[in-house]
Amino acid sequence: MKIILAAPRGFCAGVNMAVQSLELALQHYGPPIYVYHEIVHNQHVVQTFEAKGAVFVNSLEEIPSDSTVLFSAHGVSPEIRRVAQDRRLNAIDATCPLVTKVHLEAIKFAKEHYTIVLIGHEGHDEVIGTMGEAPEAIVLVETVEDVDALQYSVDTKLAYLTQTTLSVDDAYRIIQRLRKRFPWIIGPQKEDICYATQNRQEAVRLLCQQADAVIVLGSQNSSNSQRLRELAQEFDRPAYLVDGPDDLKEADFQNLGTILITAGASAPELVVQNTLQWLKDRFNATVEEQEVRKEEVYFPLPKVLRQIVMKS
Ligand code: SF4
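Okay, so let's go over this structure. (Residues numbered from 1 in each chain as written. Predicted model: local features only at pLDDT ≥ 70, side-chain atom pairs only at ≥ 80, totals over all residues. Heavy atoms only, no water.)

1. A word on the overall build of the protein chain
Here comes step 1: Scanning the protein chain from terminus to terminus reveals 11 helices and 12 strands.
Here comes step 2: For 312 residues, the compact-globule estimate of 2.2 N^0.38 gives 20 Å, and the C-alpha radius of gyration of the protein chain, at 21 Å, lies within 12% of that figure.
Here comes step 3: Counted over contacts in the protein chain with a minimum sequence separation of 6, partners at least 24 positions apart contribute 75%.
Here comes step 4: Working note: accessible area of the protein chain is about 14500 Å², and carbon and sulfur atoms make up 49% of it.
Here comes step 5: Taking the average location of the 30 positive side-chain charges in the protein chain and that of its 42 negative ones, the two points are 5 Å from each other. (Helix = DSSP H or I, 4+ residues; strand = E, 2+ residues; numbered from the N terminus. Rg over C-alpha atoms; globule rule 2.2 N^0.38 Å. Contact = heavy atoms within 4.5 Å. Areas by Shrake-Rupley, 256 points an atom, 1.4 Å probe, with all protein chains shown as cover. Lys, Arg positive; Asp, Glu negative; His and termini not counted. Charge placed at Lys NZ, Arg CZ, Asp CG, Glu CD.)

2. Quick notes on the nonpolar core
Here comes step 1: If you look at the biggest cluster of nonpolar residues, it comprises 33 residues, and the most contacted ones within it are Leu22, Val35, Ile39, Phe49, Phe56 and Leu70.
Here comes step 2: Of all the secondary structure elements, the ones that give two or more residues to this core are α1 (13–29), β2 (33–36), α2 (43–52), β3 (54–57), α8 (195–207) and α11 (303–311).
Here comes step 3: In this structure, Leu217, Phe253, Trp278 and Leu279 belong to the second largest nonpolar core, which totals 20 residues. (Core = buried A, V, L, I, M, F, W, Y, C linked by side-chain atoms within 4.5 Å. Buried < 20%, exposed > 50% of the residue type's maximum accessible area, 1.4 Å probe, protein only.)

3. Topic: the side chain of His103
Here comes step 1: Take His103: it is sitting in helix α4 (residues 97–111).
Here comes step 2: Residue His103 is classed as buried on the basis of its relative accessible area, which comes to 5%.
Here comes step 3: Among all residues touching His103, those that are not within four sequence positions of it are Val76, Gly129, Thr130 and Glu133.

4. Looking at the pairing of strand β10 (residues 239–242)
Here comes step 1: Sheet analysis places strand β9 (residues 213–217) next to β10, joined by 4 bridges and oriented parallel. The partner of Ile215 across the bridge, within β10, is Tyr240.
Here comes step 2: Remark: the β9/helix α9 (residues 223–234)/β10 crossover connection has right-handed handedness. (Pairing = 2+ DSSP bridges. Right-handed = clockwise from strand over helix to strand, strands pointing away.)

5. Description of the site of the ligand
Here comes step 1: In the vicinity of the ligand, the contacting residues are Cys12, Gly14, Cys96, Leu98, Val99, Thr164, Thr165, Cys194, Tyr195 and Ala265.
Here comes step 2: Its residues assigned to classes, the shell around the ligand shows 7 nonpolar, 3 polar and no charged. (Near = heavy atom within 4 Å. Nonpolar A, V, L, I, M, F, W, Y, C, P; charged D, E, K, R; others polar.)

6. Some points on the state of the cysteines
When the sulfur atoms of two cysteines share a covalent bond, that bond is a disulfide.
Here comes step 1: Under the counting rule described, the total for this entry stands at 0 disulfides.
Here comes step 2: Cys208 takes part in no disulfide bond, and the closest cysteine sulfur, belonging to Cys194, lies 20 Å away.
Here comes step 3: Taking the relative accessible area as the measure of exposure, Cys208 reaches 0% and is therefore buried. (Disulfide = S-S within 2.5 Å.)

7. Thoughts on the sheet that holds strand β4 (residues 68–71)
Here comes step 1: Read from one edge to the other, the open sheet built from 4 strands follows the order β3-β2-β4-β5, with strand pairing classed as parallel. Both outer strands of the open sheet, β3 and β5 (90–93), are each paired with one neighbouring strand and no more. Here the average twist between neighbouring strands, direction ignored, is 30 degrees.
Here comes step 2: As paired elements, β4 and β5 share 4 bridges and run parallel to each other. Counterpart to Leu70 in the pairing with β5 is Ile92. (Axes fitted to C-alpha atoms, helices over the stretch in contact; angles between N-to-C directions.)

8. Description of the packing of aromatic side chains
Here comes step 1: According to the stated counting rule, one finds 6 aromatic pairs in the structure shown.
Here comes step 2: With centroids separated by 5.3 Å and ring planes inclined at 65 degrees, the aromatic side chains of Phe109 and Tyr114 adopt a geometry described as edge-to-face. As far as burial versus exposure is concerned, Phe109 and Tyr114 are alike and both buried.
Here comes step 3: Summarising the aromatic geometry, the rings of Tyr240 and Phe253 are spaced 5.2 Å apart at their centres and angled 55 degrees between planes, so their arrangement reads as tilted. In this pair, Tyr240 is assigned in strand β10 and Phe253 in the loop between β10 and β11 (258–263), connecting sequence segments 13 residues apart.
Here comes step 4: Among the residues examined, Tyr240 registers a relative accessible area of 22% and is labelled partly exposed. (Phe/Tyr/Trp six-rings, centres within 6.5 Å; stacked < 30°, edge-to-face > 60°.)

9. Here's the deal with helix α10 (residues 269–283)
Here comes step 1: Counted at 1.5 Å a residue, the expected span for α10 with its 15 residues is 21 Å, and the 21 Å between its end C-alpha atoms agrees.
Here comes step 2: Those residues of α10 that are buried lie in contact with β1 (2–7), α2, β9, β11 and β12 (286–291).
Here comes step 3: Once α10 finishes, Asn284 follows within two positions and takes phi at roughly 55 degrees, a positive value. (Expected span 1.5 Å × (residues − 1).)

10. Looking at the sheet that holds β1
Here comes step 1: Taken together, 5 strands build an open sheet; the order of strands is β10-β9-β11-β1-β12 and the sheet is parallel. Edge positions in the open sheet fall to β10 and β12, since each of these has one partner strand only. Strand-to-strand, the axes of this sheet are offset by a mean angle of 25 degrees, without reference to chain direction.
Here comes step 2: Note that β1 and β11 share 4 bridges and pair parallel. Within β11, the residue paired with Leu5 across the bridge is Ile261.

Function cannot be read off these values alone, since they describe shape.
Right, here's the structure in full:
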């Protein structure tokens, strides 16, 4: 068996920043550190931090006053910030700057009285946070059919935004339909789908044709990982989205010549390496990394943590 190891893969700059923020907060303030929602959507990362004293909550009511809470990479709505302040929580904001960019665009369009069509997945943490910036101005669409159901006349100012982790191809189709139905609609100055999502999808698109099957490391609730699995399936390749080798079945890989391995933006390299070892042990696999694009993106830590680092 030959393994093609896709690059870039795994942790993006936003996830790196959020994970480092939680590490530092645990070291500096000591456990427990509360985290509003999962720090990133990955079981391995969440469980590792739980063992170190992070407590993941779905409501700020669960957090005792005066505790430290970290907002995850997916961002939060202004209402959550307000509640955190009311409860006198020491809030550290590890929102990815590329998510913040979408929030700021939503605020700007809403101030200018636009109706904003947000392309995204209902219930995703990022979408909840973005919609919370201007709930009265934002309408969520997930599909081309949702676009067809919209009814606006030319005197409605219209703008669109997208979640950062969508399928590039699906988003393109939805935007094309929006432009066809509402030619006066305007969009963000610069693409909202983030560089990491685009690069990981590009790698699968370019490399999966050499492979008989594709393994995507990532959790089921990771949007960008799900999009990688779907993309491989669009190329008629069997594709497995798994948290690690324990979720794989040996029988699925018998008699296969080449496997492409990639990882979503929230999946740590450790689970990739464990999966490579699993395939090497069973199929005597050799590994060849193929890099389709260089990634050199870095996001600074939240200000309060930068100050702690500088003082130490
Ligand atoms: S996937 Fe993109 S938007 Fe999400 S944390 Fe990573 S860089 Fe930021």
